[in-house]
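Architecture at a glance
So the chains spell out like this:
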Amino acid sequence: LPLEVMFGAQRGTVIGGSIRSSPYEQQSHGGDDPARLAALTQLLKTIADRAQDMSTQEILNLNAAFAAACSGVVGQAGTPAIRHTPGQSSYPPEPDMGPLPTLEEVGGSLNSVKVSARANVKSVAGAMAKSLRNNDMLCATAVGPEGANHGMKALSIARCYLAADGWDLSATVVEVQPDPAVREGRCFAFVVVRMQVPAKLGEPLCEAGVGRTEPLPRFVRPEEKQTDMKVSGSGNAHTLGGAIAKCLREDKECIITAIGPASVAKCVEAMALARIHVYADGLQLAFYPGFEHIVMDGGRPGAGEHRSAIRVHVWPEAAPQNAAGLSSTGAWSAQAAPGSNVGLNFTDET
């Protein structure tokens, strides 16, 4: 299969006979002023053009300002000028991004793990770890925001199960065509590859034979090439995806903190968009997630509370430009998979 099948088709190309729908559906509100909506759309297009010359921090600041404005802007009739309906985006539709690949085109013959919002996360993580102990790669599928959140949590726990065996994982995420029989939201495929690392030993649970321990601290780029980001569940995934893509083009490692299921799902959506953006530049997005315990900042509800967050490390890999780096199914081969030991730094704080 052509490289576009795995790494994202070019805009306007048809793959598999199914046309990709816009990532944001237009909402119809009879009382909206068409002139006001047209002006808002033009404003966002202008900002998108200007963003090409903006720094990553400027883009993030602009996104935060828009999020704050959208929550408090009031129209002439006393109703919000930008409305939000649970489960839908409150932003105008983005330009069409071409067709979505099918799950078969992405995963091929790889071992598959299905992530359900109703499944036990630790059980899913155990299935992932078992598959990676016996295979170089797997493909995990998640449907809807809850499924995406469960998928990221399961990957984080699977890393704990693998650490004592001297294995870790890296992944990328691709939005694929959903199963017509399942109407629970958008479908994401996590293509996961195992990698050999120094085994984490000496932990009480490992010594007791439980086989679960925190992975060794892992950084893919030096400190001066790391960028911290925070994602909000009510933010614009397209804006965050653009900021991630900008960092990847600068060969930086993005460290994204997501607190809560909605934020984690938004992060997954943004990474899938960023992967498409950077592939045209010969880059492939790779990431790994992990748990982080944080203390909430002051000046907001819950200040001072200890929370558990998902911290996602995202970095660029060179995308294969010919079939040598792909299997016959269009998925990565073990040699071309993201997260090879090249460029990775492991430190044992113990």
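Not measured: the values here are computed from a predicted model. (Residues numbered from 1 in each chain as written. Predicted model: local features only at pLDDT ≥ 70, side-chain atom pairs only at ≥ 80, totals over all residues. Heavy atoms only, no water.)

**Brief notes about the overall build of the protein chain**
Looking only at helices and strands, one finds nine helices and ten strands in the protein chain. Relative to its 350 residues, the protein chain shows a buried fraction of 47%. Once local pairs closer than 6 in sequence are excluded, the contacts in the protein chain between residues at least 24 apart make up 78%. Accessible area for the protein chain stands at about 17,000 Å²; split by element, carbon and sulfur atoms hold 52% of it. (Helix = DSSP H or I, 4+ residues; strand = E, 2+ residues; numbered from the N terminus. Buried < 20%, exposed > 50% of the residue type's maximum accessible area, 1.4 Å probe, protein only. Contact = heavy atoms within 4.5 Å. Areas by Shrake-Rupley, 256 points an atom, 1.4 Å probe, with all protein chains shown as cover.)

**Quick word on the packing of helix α6 (residues 144-163) against helix α9 (residues 261-279)**
Where α6 contacts α9, the axes come no closer than 8 Å and their chain directions differ by 85 degrees. For the element pair α6 / α9, the angle class is roughly perpendicular. Counted together, Pro145, Ala148, Asn149 and Met152 of α6 and Pro261, Val264, Ala265, Val268 and Met271 of α9 form the full contact between these two elements. Of the residues assigned to the contact of α6 with α9, the class counts are eight nonpolar, one polar and no charged. (Axes fitted to C-alpha atoms, helices over the stretch in contact; angles between N-to-C directions. Parallel < 35°, antiparallel > 145°, perpendicular 65-115°, else oblique. Nonpolar A, V, L, I, M, F, W, Y, C, P; charged D, E, K, R; others polar.)

**Things to note about the side chain of asparagine 149**
In this fold, asparagine 149 is placed in helix α6. Of the residues examined, asparagine 149 reaches a relative accessible area of 6% and is grouped as buried. Ignoring sequence-local partners within four residues, the contact set of asparagine 149 consists of Pro261 and Val264.

**Some remarks on the pairing of strand β7 (residues 253-258)**
Most of β7 is tucked away, with six of its six residues classed as buried. Two elements, strand β6 (residues 226-231) and β7, share six bridges in a ladder whose sense is parallel. Residue lysine 230 lies in a different strand from β7, and its bridge partner there is threonine 257. Read from β6 through helix α8 (residues 237-249) to β7, the crossover connection turns out right-handed. (Pairing = 2+ DSSP bridges. Right-handed = clockwise from strand over helix to strand, strands pointing away.)

**Some details on the nonpolar core**
Inside soluble globular proteins, nonpolar side chains tend to come together where they are buried. Residues Met128, Phe190, Ile244, Met271, Phe287 and Val314 are the most contacted members of the largest nonpolar core, which totals 56 residues. Looking at this core, the element that brings in the most residues is α9, giving ten residues. If near-sequence neighbours (up to four positions away) are discounted, methionine 271 is found in contact with Met152, Val173, Ile244, Leu285, Phe287, Val312 and Val314. Counting residues in hydrophobic clusters, the runner-up holds nine residues, among them Met137, Cys139, Val176 and Val191. (Core = buried A, V, L, I, M, F, W, Y, C linked by side-chain atoms within 4.5 Å.)

**Focus: unusual backbone geometry**
One non-glycine residue with positive phi stands out, namely aspartate 251, at about 60 degrees. Relative to the helices and strands, aspartate 251 is located in the loop between α8 and β7.

**Things to note about α9**
The end-to-end C-alpha separation of α9 is 28 Å, in line with the 27 Å expected for 19 residues at 1.5 Å each. Counting buried residues in α9 gives 17 out of 19 residues, a clear majority hidden from the surface. (Expected span 1.5 Å × (residues − 1).)

**Remarks on α8**
Taking 1.5 Å of rise per residue, 13 residues should cover 18 Å, and α8 covers 18 Å from first to last C-alpha, within 8% of that figure. All of the buried residues in α8 are Ala237, His238, Leu240, Gly241, Ala243, Ile244, Ala245, Lys246, Cys247 and Leu248. The opening residue of α8 is asparagine 236, an N-cap whose side-chain oxygen sits 2.9 Å from the backbone nitrogen of histidine 238. Two residues or fewer past α8, aspartate 251 is found with a positive phi of approximately 60 degrees. (Polar contact = N/O pair within 3.5 Å; in protein donor to acceptor, adjacent residues only side chain to side chain.)

**Describing the packing of aromatic side chains**
Between two aromatic rings, the relevant description is the distance of the centres plus the angle of the planes. A complete count under the given rule lists two aromatic pairs for this structure. The aromatic ring of tryptophan 167 is capped on one face by arginine 194, whose charged end is 4.2 Å from the ring centroid. (Phe/Tyr/Trp six-rings, centres within 6.5 Å; stacked < 30°, edge-to-face > 60°. Lys NZ or Arg CZ within 6 Å of the ring centre and 35° of its normal.)

**Description of the confidence of the model for the protein chain**
Do not read the predicted coordinates in detail wherever pLDDT is low. Here the protein chain averages 74 in pLDDT, while 66% of its residues score no lower than 70. Segment residues 71-96 is flagged for pLDDT under 50; beyond a separation of four residues in sequence, or across chains, it makes 43 contacts in the model. Confidence drops under a pLDDT of 50 for residues 322-350, and excluding neighbours within four residues, the segment shows 70 contacts in the predicted structure. (pLDDT = per-residue confidence, 0-100.)

**A look at the pattern of salt bridges**
According to the stated counting rule, one finds twelve salt bridges in the structure shown. Between aspartate 168 and arginine 159 there is a salt bridge, with its nearest N and O atoms 2.8 Å apart. Of the two residues, aspartate 168 and arginine 159, both sit in the buried class. Arginine 218 is the salt-bridge partner of aspartate 168, the closest N and O atoms lying 3.1 Å from each other. A residue pair is termed long-range when its members are at least 10 positions apart, and aspartate 168 in strand β3 (residues 167-176) and arginine 218 in strand β5 (residues 218-219) qualify at 50 residues. (Salt bridge = Lys/Arg side-chain N within 4 Å of Asp/Glu carboxyl O.)

**A short note on the side chain of glutamate 253**
For glutamate 253, the position within the fold is in strand β7. Although glutamate 253 is buried, it forms no salt bridge, and the closest oppositely charged side chain is arginine 221 at an N-O distance of 6.5 Å. Among the polar contacts made by the side chain of glutamate 253, one reaches the main-chain amide nitrogen of valine 220 at a distance of 3.1 Å. The contacts of glutamate 253, once residues within four sequence positions are left out, are Phe219, Val220, Arg221, Lys225, Gln226, Thr227, His313, Val314 and Trp315. (Lys, Arg positive; Asp, Glu negative; His and termini not counted.)

**Some thoughts on the environment of alanine 125**
Locating alanine 125 in the fold gives a position in helix α5 (residues 121-134). Once you skip the residues sitting within four places of it in the chain, alanine 125 turns out to touch Ala154, Ile157, Ala158 and Tyr161.

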